[in-house]
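Spelled out, the chains give:
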Amino acid sequence: KAGVTQTPRYLIKTRGQQVTLSCSPISGHRSVSWYQQTPGQGLQFLFEYFSETQRNKGNFPGRFSGRQFSNSRSEMNVSTLELGDSALYLCASSRGAGSEDGYTFGSGTRLTVV
Amino acid sequence: ILNVEQSPQSLHVQEGDSTNFTCSFPSSNFYALHWYRWETAKSPEALFVMTLNGDEKKKGRISATLNTKEGYSYLYIKGSQPEDSATYLCASRSYNTDKLIFGTGTRLQVFP
């Protein structure tokens, strides 16, 4: 079966711009979570969505937002980009909220802000 | 323990050596503990999800144990092989925060 698909794979943006990242989960998975990874840091939790509802949000500024559609696909938006937003953004899907069956991760979007 | 902590940060072993890593997590309101393997240029891959105190899980040469009362989990690799080289991540979810929080990982390198 198809895995978790993230688009685009790579992105270069300038400071002040905004960006939208997309994540298509495995068919049948209704939960999508987003993480940010920067050098030296672990995976930092951004959001978790289940059935189009945001269940949880991490400690990120309001410039980071997301949503989930009825087909479980999710988007993440970052407005007014800063250099520190340069990171690998990973999304992960699971069948249900609570992730008892473990996450399946996408390949990530590498965002570079210049 | 307020965060998820992993030790050691990195490990270099010879092929054939057995090794183990530690994950410490908040024990209060514990819900689940995950282990993932993350190879370079790939996506993190789920190894185990454990929920019960005393749980032991095994997949081939890799096994894990869980102590929810004291808030730690061990990951063991028996007879390490070069293909085991990866970063091993643990993550904990508690009932009160309901977020899956990751540690910074243990980077394992196995030399032939």
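In what follows, the structure referred to is the one given above.
Residue positions are given per chain, counted from 1 along the sequence in the order it is written. Written order decides the labels, with chains lettered from A and ligands numbered from 1. With the structure being a predicted model, the display of local features is reserved for residues of pLDDT at least 70 and the display and counting of side-chain atom pairs for 80 or more, all residues being used for whole-chain, interface and lining totals. Side-chain metrics in this entry use all non-hydrogen atoms of the structure; hydrogen atoms and water are not considered.

Draft legend 1. Expanded view of the interface of chain A and chain B. Tallying the contact residues gives 22 residues for chain A and 18 residues for chain B. Summed over both sides, the interface of chain A with chain B buries roughly 1500 Å², with 54% coming from carbon and sulfur. One speaks of a salt bridge when a side-chain nitrogen belonging to Lys or Arg is within 4 Å of a carboxyl oxygen belonging to Asp or Glu. Between the two partners, chain A and chain B, sit two salt bridges. Polar contact is defined as a pair of N or O atoms within 3.5 Å, subject to the rule that within protein one atom must be able to donate a hydrogen and the other to accept it, and that residues adjacent in sequence are counted only when both atoms are side-chain atoms. Inspection of the chain A/chain B interface yields eight residue pairs in polar contact (both at pLDDT 80 or more). Looking at the side of chain A that touches chain B, the elements that each hand over two or more residues are strand S4 (31–37), strand S5 (43–50), strand S6 (53–57) and strand S9 (87–94) of chain A. Residues of the side of chain A that touches chain B, tallied by class, amount to seven nonpolar, 10 polar and five charged. Here a residue-residue contact requires only that any non-hydrogen atoms of the pair lie within 4.5 Å. Summed over both partners, the accessible area lost on bringing two parts together, with a 1.4 Å probe, is the buried area. Helix and strand assignments come from DSSP, with helices taken as H or I runs of at least 4 residues and strands as E runs of at least 2, each series counted from the N terminus. Throughout, the ten residues Ala, Val, Leu, Ile, Met, Phe, Trp, Tyr, Cys and Pro are labelled nonpolar, Asp, Glu, Lys and Arg are labelled charged, and all others, Gly among them, are labelled polar.

Draft legend 2. Layout of the side chain of Thr87(B). Among the secondary structure elements, Thr87(B) is positioned in strand S9 (residues 86–94). Residue contacts for Thr87(B): discarding those within four places in its chain leaves Tyr36(B), Arg37(B), Trp38(B), Gly105(B), Thr106(B) and Arg107(B).

Draft legend 3. Quick look at the sheet that holds strand S1 (residues 5–7) of chain A. Residues and elements named next belong to chain A. The criterion for strand pairing is that DSSP finds at least two bridges linking the strands in question. If you walk across this open sheet you meet the four strands as S1-S3-S8-S7, and the pairing is antiparallel. Of all the strands in the sheet, just S1 and strand S7 (64–68) have a single pairing partner and so form its edges. Between one strand axis and the next, the sheet turns through 15° on average, direction left out of account. Pairing between strand S3 (residues 19–24) and strand S8 (residues 74–78): five bridges, direction antiparallel. What sits directly across from Val19, in S8, is Val78. Where helices are involved, their axes are fitted lines through C-alpha atoms of the stretch in contact, as for all axes, and angles between N-to-C directions lie from 0 to 180°.

Draft legend 4. Quick peek at the pairing of strand S5 (residues 45–50) of chain B. Residue and element names in this part refer to chain B. As paired strands, strand S4 (residues 30–38) and S5 are joined by five bridges and run antiparallel to one another. Looking at S5, one finds that Leu33 is bridged to Met50. Between S4 and S5, which pair antiparallel one after the other, the connecting turn spans six residues, and Ala41 there sits at a positive phi close to 70°.

Draft legend 5. Main features of the environment of Asp17(B). Residue and element names in this part refer to chain B. Here Asp17 is to be found in the loop between strand S2 (10–14) and strand S3 (19–24). Accessible area is worked out with a 1.4 Å probe on protein chains only. A residue is then buried under 20% of its type maximum, exposed over 50%, and partly exposed in between. Judged by its relative accessible area of 34%, Asp17 falls in the partly exposed class. Setting aside chain neighbours within four positions, we find Asp17 in contact with Ile77, Lys78, Gly79 and Ser80.

Draft legend 6. How the structure looks around the state of the cysteines. All names here are of chain A. Cysteine sulfur atoms are paired as a disulfide whenever they fall within 2.5 Å. Per the stated rule, a full pass over the model turns up two disulfides over all chains. Disulfide pairing places Cys23 opposite Cys91 at an S-S distance of 1.9 Å. Its S-S torsion of about 70° marks the bond between Cys23 and Cys91 as right-handed, since a negative value means left-handed. With Cys23 in strand S3 and Cys91 in strand S9, the pair connects residues that are 68 residues apart, well separated along the chain.

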